[in-house]
Amino acid sequence: MFKKITISLVTLLATSSLYAKTTLTFYCGSTMSGAMQEISKEFGALNNCDVNIIKGGSGKLWKMLQTKKSGDLFLPGSDSYVKKIEKAGLLESSSKVIGFNQASLIVQKGNPKRVKNLESLVNQNLKVFLCDEKAGSIGANTSKVLKKYKGEDFLDDSYDNTMGMGNDAKSVTKTIASKKADVGITWRATAFWSGNESKVDVIDIDTKYSPKKRLVINLLSFSKNKRLAKKFMNFTSSYKSQAIMKKYGFVK
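Q: Give me the lowdown on helix H4 (residues 80–87), citing residues and values where you can.
A: For H4, the complete set of buried residues consists of Tyr81, Val82 and Ile85. The buried residues of H4 occupy an angular sector of 110° when projected down its axis, which confines them to one face. Opposite the packed face of H4, turned more than 90 degrees from it, sit the exposed residues Lys83, Glu86 and Lys87. The inward-facing, buried residues of H4 contact helix H3 (58–68), strand S3 (73–75), strand S4 (91–101), helix H5 (136–160) and strand S10 (213–220).

Next comes the structure, spelled out in structure tokens:
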């Protein structure tokens, strides 16, 4: 009897090990997290695996990667981080462009303050909310947009006119959606998140000041699941995944 139970237990453990799901650890910028969660769910169902998404501002995720040195994939909000992880030796040879985002003005639904362009950021009659230049990819890009538009003075005047600053694109969109501010700059895709479409509108900025930014998913050098991670990267370029990206407002 004891022998039979022992054999059955060994068989059970072997079977459990055989069918255990692999888990990919995916560091994903907060702006892309909604789309990536949907894509990850589709991929997991097709490949009998789980995708654990760690979301946050790109700067915060970058610091986590430097400290932990573990995980499989990294999708920052700006491709400037690709150069950083490559320089630090954390990037495997594989990277893939999966879409584009763009820094845009965001206003309350219906644009009640009649915001037209970047000049609104220095209008003292408006409540302006921007992302901290040193926090999140949208902060760095806001700085670049404002400098391209009218130089350092306009950048300083815009930040001097803010009622507050956020830590990432999500915080900027949330502040406008809650009517605590009138206008800000954020990644345009955040306006298409569930619950935001009925509360905010996007005003696109001329691409000569706010060019489209590539969204690049990267395989990390210390990944323990490189084959599956590469398969996921390829899946993000599939027709089905790209339809999801479009639904979430990522421009082409």
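Q: Give a description of the layout of surface pockets that names residues and reports values.
A: Using a probe with the size of a water molecule, rolled over the atoms, empty space left in the structure can be pinpointed. What the largest pocket holds in volume is close to 170 Å³. Ser80, Tyr81, Lys84, Gly136 and Ala140 are the residues nearest the centre of the largest pocket, which is lined by 15 residues in total. Going through the elements one at a time, H3, H4 and H5 are the ones with two or more residues in the lining of the largest pocket. Considering each element in turn, the lining of the largest pocket owes the most residues, 5 residues, to H5. Broken down by class, the residue content of the lining of the largest pocket amounts to 4 nonpolar, 6 polar and 5 charged.

Criteria and cut-off values
- Residues numbered from 1 in each chain as written.
- Predicted model: local features only at pLDDT ≥ 70, side-chain atom pairs only at ≥ 80, totals over all residues.
- Heavy atoms only, no water.
- Buried < 20%, exposed > 50% of the residue type's maximum accessible area, 1.4 Å probe, protein only.
- Helix = DSSP H or I, 4+ residues; strand = E, 2+ residues; numbered from the N terminus.
- Arc of directions from axis to C-beta.
- Contact = heavy atoms within 4.5 Å.
- 1 Å grid on protein atoms, 1.4 Å probe; cavity = no way out; pocket = protein on both sides within 12 Å on 5 of 7 lines; lining within 4 Å.
- Points joined across faces, edges and corners; volume = space filled by probe spheres on them.
- Nonpolar A, V, L, I, M, F, W, Y, C, P; charged D, E, K, R; others polar.

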